[in-house]
Amino acid sequence: MGRILIPLLFAALIQNVGTQRHSGIDKHSDEYRAHHSGIHGGDEGCTNTKLDLVFVLDESSSIWGPDFKAQLQFLSHITEDFRIGPDATQIAVLTFSNRATDHFYLNRYNTAEALQKAIVGIRQQGGGTYTNRALDRMRERYFLAANGGRPGVPKLGIIITDGASRDKALTAAAAAEARAQNITLVAIGVGANIGREELNLIASERKGKPGDKYTYTVENYEALDSIRVELSKVTCEEPAKWSPWTPYSTCSKTCGDGSQTRTRTCPKPGKCPGAAEQTRPCNLRPCRSKSNISKEQERVSVDYLQLSDTPVDTIRNKVLASWTAWSEWTECSVTCDTGQTTRSRDCRNGVPSTDCLGDSIEVGNCSKRLCETAWWTQWSQFGSCSATCGDGVRARRRDCHGGIAGINCTGPSWDEQKCNEKICAVWSGWGPYGSCSVTCGRGEALGTRKCIGGSSPQDCRGPDRRARPCKRQSCPEWTQWSHFSQCSVTCGNGERSRVRTCIGGEAGYSCRGDATEYIECNQRPCATWSQWGEYSSCSVSCGKGLKVRKRKCVYGRIGSDCRGEDRQQKSCQAGSCEIHAEDLRVGMGPLCPDGISSDGTCITPAVESNLSDQSPCNTQQCNIWGEWSSLRSCSVTCGNGTQSRTRVCEDIENNVQCSIRQTDVRSCNEGACPAWTAWTPYGACSVTCGSGTQVRSRRCEEGVPGVDCPGSERESRPCNLGSCRVPAAWTQWSGYGDCSVTCGTGVQSRSRTCERGVAGVDCPGSEVDSRECVLASCKAPAFWGEWKDTECSVTCGAGILLQVRECVGGSPGVDCAGSGEKTKLCVLKSCPAWGLWGKWGACSKTCGGGEQRRYRSCENGEPGQDCIGSTVDKRPCNSNDCPSWGEWSPYSTCSATCGGGLKNRFRACQGGGVPGVDCLGPATESVACNEEQCPYWSPWTLYEACSRTCGGGVKTRTRVCIGGVAGVDCPGPETDSADCNTRACRKWTR
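Residues numbered from 1 in each chain as written. Predicted model: local features only at pLDDT ≥ 70, side-chain atom pairs only at ≥ 80, totals over all residues. Heavy atoms only, no water.

Named according to an unreviewed UniProt entry, the protein chain is A disintegrin and metalloproteinase with thrombospondin motifs adt-1 isoform X6 originating from Lingula anatina.

## Overview of the packing of aromatic side chains
Stated precisely, the cut-off is as follows: Two aromatic rings from Phe, Tyr or Trp, using only the six-membered ring of Trp, form a pair when their centres are within 6.5 Å; if the ring planes differ by under 30 degrees the pair is stacked, by over 60 it is edge-to-face, and anything between is tilted. For helices the rule is a DSSP run of H or I covering at least 4 residues; for strands it is a run of E covering at least 2, with both sets numbered from the N terminus onward. When a residue's accessible area, from a 1.4 Å probe over protein chains only, is under 20% of the maximum for its type it is buried; when over 50% it is exposed; and in between it is partly exposed. Here, a charge over a ring is recorded when the distance from Lys NZ or Arg CZ to the ring centre is within 6 Å and its angle to the ring normal is within 35 degrees.
All told, the structure shown has 2 aromatic pairs when counted by the stated rule. With a centroid separation of 5.1 Å and an interplanar angle of 80 degrees, the aromatic rings of Phe104 and Tyr109 are classed as edge-to-face. Residues Tyr105 and Tyr142 carry aromatic rings whose centres are separated by 4.8 Å and whose planes lie at 65 degrees to one another, so their mutual orientation is edge-to-face. In this pair, Tyr105 sits in the loop between strand 4 (100–104) and helix 4 (112–120) while Tyr142 sits in helix 5 (residues 131–142), placing the two residues 37 residues apart along the sequence. Each member of the pair, Tyr105 together with Tyr142, is buried. Sitting above the plane of the Tyr682 ring, Arg717 keeps its charged end 3.8 Å from the centroid.

## A look at helix 3 (residues 65–79)
It helps to recall that an α-helix has 3.6 residues per turn; residues three or four apart then point in one direction. The condition that has to hold: In this analysis, the expected span of each helix is defined as 1.5 Å times one less than the number of residues it contains.
When the terminal C-alpha atoms of helix 3 are compared, their 22 Å separation across 15 residues agrees well with the 21 Å that a helix rising 1.5 Å per residue should span. Within helix 3, burial applies to Phe68, Ala70, Gln71, Leu72, Phe74, Leu75, Ser76, His77, Ile78 and Thr79.

## Notes on the confidence of the model for the protein chain
Test applied: For every residue, the predictor states its confidence as a pLDDT score lying anywhere from 0 to 100.
Of all residues in the protein chain, 78% have pLDDT values of 70 or greater, and the mean over the chain is 76. Across the protein chain, element-level confidence peaks in strand 3 (residues 89–96) with a mean pLDDT of 93 and bottoms out in strand 11 (residues 300–301) with 30.

## Quick word on the state of the cysteines
Any covalent bond linking the sulfur atoms of two cysteines counts as a disulfide. Basically, it comes down to this: Pairs of cysteine sulfur atoms within 2.5 Å are what we label disulfides.
Going through the model one piece at a time under the given rule, you end up with 24 disulfides. The disulfide partner of Cys400 is Cys409, and the S-S distance across this bridge is 1.9 Å. Torsion about the S-S bond of the Cys400 and Cys409 cystine: about 75 degrees, corresponding to right-handed handedness. By the burial criterion, Cys400 is buried, and Cys409 matches it. Each sulfur of the disulfide joining Cys909 and Cys919 lies 2.0 Å from the other. Here the disulfide of Cys909 and Cys919 is right-handed, its torsion about the S-S bond being about 75 degrees. With Cys909 in strand 57 (residues 909–910) and Cys919 in the loop between strand 57 and strand 58 (924–929), this pair connects stretches of sequence that are 10 residues apart. Judged by relative accessible area, Cys909 falls into the buried class, the value being 13%. Classification of Cys919 as buried rests on a relative accessible area of 2%.

## Some remarks on the pattern of salt bridges
Where we set the bar: For this analysis, a salt bridge means a side-chain nitrogen from Lys or Arg found within 4 Å of a carboxyl oxygen belonging to Asp or Glu.
A full pass over the atoms with the stated rule returns 22 salt bridges. Where Glu755 meets Arg141, a salt bridge forms, and the shortest distance between an N and an O atom there is 2.5 Å. In this pair, Glu755 is assigned in strand 44 (residues 754–755) and Arg141 in helix 5, connecting sequence segments 614 residues apart. For Arg905, the salt bridge goes to Glu925, with nearest N and O atoms at 2.8 Å. A residue pair is termed long-range when its members are at least 10 positions apart, and Arg905 in strand 56 (residues 901–906) and Glu925 in strand 58 qualify at 20 residues. A cluster of three or more residues bridged by salt bridges with shared partners is formed by Asp136, Arg139, Glu140, Glu177, Asp464 and Arg465.

## Focus: the sheet that holds strand 5 (residues 155–161)
Keep this limit in mind: One bridge is not enough; two strands pair if DSSP finds at least two bridges between them. Helix axes use the C-alpha atoms of the stretch in contact, all axes being lines fitted to C-alpha atoms, and the angles between their N-to-C directions lie in the range 0 to 180 degrees.
One open sheet accounts for 6 strands, arranged 4-3-2-5-6-7; its pairing is mixed. The strands lining the two open edges of the sheet, one partner per strand, are strand 4 and strand 7 (215–218). Each strand axis lies, on average, 20 degrees off the axis of its neighbour in the sheet, ignoring direction.

## Thoughts on the packing of helix 5 against helix 6 (residues 168–180)
Condition: Orientation is classified from the angle alone, with under 35 degrees giving roughly parallel, over 145 giving roughly antiparallel, 65 to 115 giving roughly perpendicular, and any other angle giving oblique. Less than a right angle of anticlockwise turn of the near helix away from the far helix marks a crossing as left-handed, whereas a clockwise turn marks it as right-handed. Any two residues whose heavy atoms approach within 4.5 Å are treated as being in contact. Asp, Glu, Lys and Arg are counted as charged, while Ala, Val, Leu, Ile, Met, Phe, Trp, Tyr, Cys and Pro are counted as nonpolar; the rest, among them Gly, fall into the polar class.
Across the interface, helix 5 lies against helix 6 with an axial gap of 8 Å and an inter-helix angle of 15 degrees. Looking at the two axes, helix 5 sits roughly parallel to helix 6. The interaxial crossing formed by helix 5 with helix 6 has left-handed handedness. Across from Thr131, Asn132, Leu135, Asp136, Met138 and Arg139 in helix 5, the residues of helix 6 making contact are Leu170, Thr171, Ala174, Ala175, Glu177 and Ala178. In terms of residue class, the contact of helix 5 with helix 6 is made up of 6 nonpolar, 3 polar and 3 charged.

## Observations concerning the environment of Asp212
With respect to the helices, strands and loops of the structure, Asp212 is situated in the loop between helix 7 (196–202) and strand 7. As a C-alpha pair, Asp212 and Asn200 span 12 residues in sequence and 8.9 Å in three-dimensional space.

## Brief notes about the nonpolar core
Note the following rule: Think of a nonpolar core as a cluster: buried Ala, Val, Leu, Ile, Met, Phe, Trp, Tyr and Cys residues, connected wherever their side-chain atoms sit within 4.5 Å.
Ranked by internal contacts, the top residues of the largest apolar core, which has 57 residues, are Val54, Phe55 and Met138. Setting aside residues no more than four positions away along its own chain, Val54 makes contact with Ala92, Leu94, Leu106, Met138, Tyr142, Phe143, Leu156, Gly157 and Ile158.

## Let's talk about unusual backbone geometry
Of note, Asn930 is a non-glycine position whose phi angle comes to about 45 degrees, a positive value. If you trace the backbone, Asn930 turns up in the loop between strand 58 and strand 59 (936–937). By relative accessible area, which is 28% here, Asn930 ends up partly exposed. The backbone of Asn981 sits at a positive phi, close to 45 degrees, despite the residue not being glycine. Along the chain, the position of Asn981 falls in the segment after strand 62 (975–980). On the basis of relative accessibility, which here comes to 26%, the residue Asn981 falls in the partly exposed class.

## Digging into helix 4
Short version of the rule: Here the arc refers to the directions that run from the helix axis out to each C-beta atom.
Every buried residue of helix 4 is accounted for by Leu115, Ala118 and Ile119. Looking down the long axis of helix 4, one finds its buried residues gathered within 100 degrees of arc, a one-sided arrangement. Exposed residues lying more than 90 degrees from the buried face of helix 4 are Glu113 and Val120.

## A look at the packing of helix 3 against helix 4
Between helix 3 and helix 4, the least distance of the axes is 9 Å, while the angle of their chain directions is 175 degrees. Here helix 4 runs roughly antiparallel to helix 3, going by the angle between their axes. Each of Leu72, Leu75, Ser76 and Thr79 in helix 3 lies in contact with helix 4, whose residues at this interface are Ala112, Leu115, Gln116 and Ile119.

## Here's the deal with a nonpolar patch on the surface
Put simply, the rule is: Exposure above 30% relative accessible area and the lack of any salt bridge qualify a residue for a patch; like charges then connect within 9 Å, and the nonpolar side chains Val, Leu, Ile, Met, Phe, Trp and Tyr within 5 Å. With residues, only the protein chains shown are counted as cover, and all accessible areas are computed by Shrake-Rupley using a 1.4 Å probe.
On the surface, Tyr936, Val960 and Ile962 cluster together into a nonpolar patch covering about 260 Å² of accessible area. Topologically, Ile962 is positioned in strand 61 (residues 961–962). Judged by its relative accessible area of 36%, Ile962 falls in the partly exposed class.

Now the structure itself:
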């Protein structure tokens, strides 16, 4: 909303017509749209679309870098709210400190985008607060036609500053000169170091409100936007109106049908209804063949001051002043004989005989019938004063008409009165040169003098200040930046740094800014294992099986980025497997070996023991599963694939494969596929002027750039911020000014300006050149000049000073009565003293020994000069060691004595760090061990023949402990016995 109101303010500053405040308007409402369209020339609302606007920005050392950037951001926002171009609003910017610096004139940029880029490129110079130099610069150059100034377009200067100027008198004089050229000035003060008094010296008065000036204050630079609504109280232009009619002009003829005209002007040509000129007839009487006006009755003029009495500077600053048309002649001063008639004119925008050359009143003779007796004519107008100052005299006269003065007409024919009794303005002597304008490098020292008896320096001819170069020790300056270091890490948000050195001073104080600069690098996350998942259910529903658990390689690839296995398995027991008779009867698998048959069905003896009429069946060996094949490759490299393995049934009896095949399928590569993130926005240009580059970046998620994600992590493009600054150079010398005295021997001066630089530093030589001027000798009555203060007895706090005055044109006590000296109390600014320390800043490192800083400011003075000591205090911090891996522990005992186990070793992230975050790499490592096969029982042999053929015998079978000792490595018996042929033996009967 603030951006919408700014152009309304500027229109108001030109016309100053109050309107309703617009705070709180919804940007999507009809009211907003109607209001905003009015800003840019719609049928309703504000219609001002042309404005020549110059921003004058304080860039002195009292402004910190972030505050100066906030000031630039305020300007950048404003450009968005104007139509920019040669037929719309034009914006220019200059900054000031020890000198005024040109950045761009009104006709430099024709689009808001180009303006914003130019504003961003402005860099702060630092130095003192010489506001007067910026105001002079703006007035002399920025509204010239060659630099984009347009006739008839409102001229506006906005001055933003945070402190009092070095010379308030010079600032006030420079502002007055700018206002005299119809430049409307707005003064904005930031912070508590500048008062309303100085802002009032700069700003213009609001039209129709004497004493009310365009001044505003905010607490800080971030609050500049807050005054937009406050300023919007006066927003729109007045409708176009005619100016008042001028008086009718002199009749075109003295007789015989003449004409007179009068005119009026429209501030917006073509937008005021009606005619700009009116004509009426005059002197309709016929012309006489012979004039009755004698030579004594010829028209006379009242004398006024001549051009030679007007200072050249005053004339130069009042070029807009002009005479109005003459008024009509007044009635004749007499009713008989010869009298007088007058007419007048006004000096528009100036002072008669000073800004407008010639007379403001014209006197003519008029003839009436002859009078019968003598009488005094009317008094004439008073003539010009015999002197411009120092007790002059002016006179008027009258005539005894029809007689002799003193005889027929009693009383004097001449009348005199004193005029211009004020003391003539003269220069005092030059005061001592002040302190150097800079604390280092080359600057200038100023000497001043006062115009005694004048209301302003313009009353005394010649300059009121002079300058001489001064040089201090070389200023501290930064070296060039070093190259950026390597990234501190290969992944996981590292940083690169570069450094520079403050030569001749202390970083952060003498050299503003940081000695070290950091940028982020390798921001992609480091590859790491996820947590193990839960174990799966057992792979079989009965007997021995396996359980499996898995983990993922996050932000990387298994093997190259994440070391170790992505799955673990352990055995599981799902209970004993049993076969029931009813299952066998429906064909559930072959019975082997040594089944028994009953009722034609082959079953195991263990299933049903109460079957009668049993007989052996299916005595062949059982089929067994073969070994699992190797796992096939995963079906995809990422994004949830599968891999399988198979095994087949082996018929041991016939040494062939069964027709049965079993397949095991498992998930693989379950992580998301590597992919690029979206590009980041382009960063800032690598240079502030000329050609540079902008960079943007992206990350390869779930992979490695250049391997899993083809292409580059970074992309650059060229950027151009315009040509860099042109070298400083002197302007042409100005013409010589008026002589410093009105009589006797004086001095004339001329000046030149160091464009884009500092006089005496960037431009060798002097800004001012003087020569002697000799006028007629003079002798004026001696008089006391104004009291002048000498230096206070102290440099800060309360003290005593001596006031002196000069006996101008004579000797004290002889030509001037009284004393030329007296004392008075002087109270200066508070003495310099250190302010309180600020809070400690963040530690420069998180571990390994960093540094914290805190700052203080020298109040009412300059650090190192007025306040002894440093502005910065340092202390160590985070001296603890940075986290790092400790030594590996010994490997643990193998998890299995045979059949393939694992042994592990560990290491700790020392220093309070988190493994995988502060310490990169795994905290655990595992290696295989005891991979030889474990001892196992061979299959049982077939039962041997029964020990008896009937009556209950025994049959036995055996097995062997392969790779071990029976009863030790293979639990259980080697031999197994079973009853057989238990039926009774047949016997012979007797």
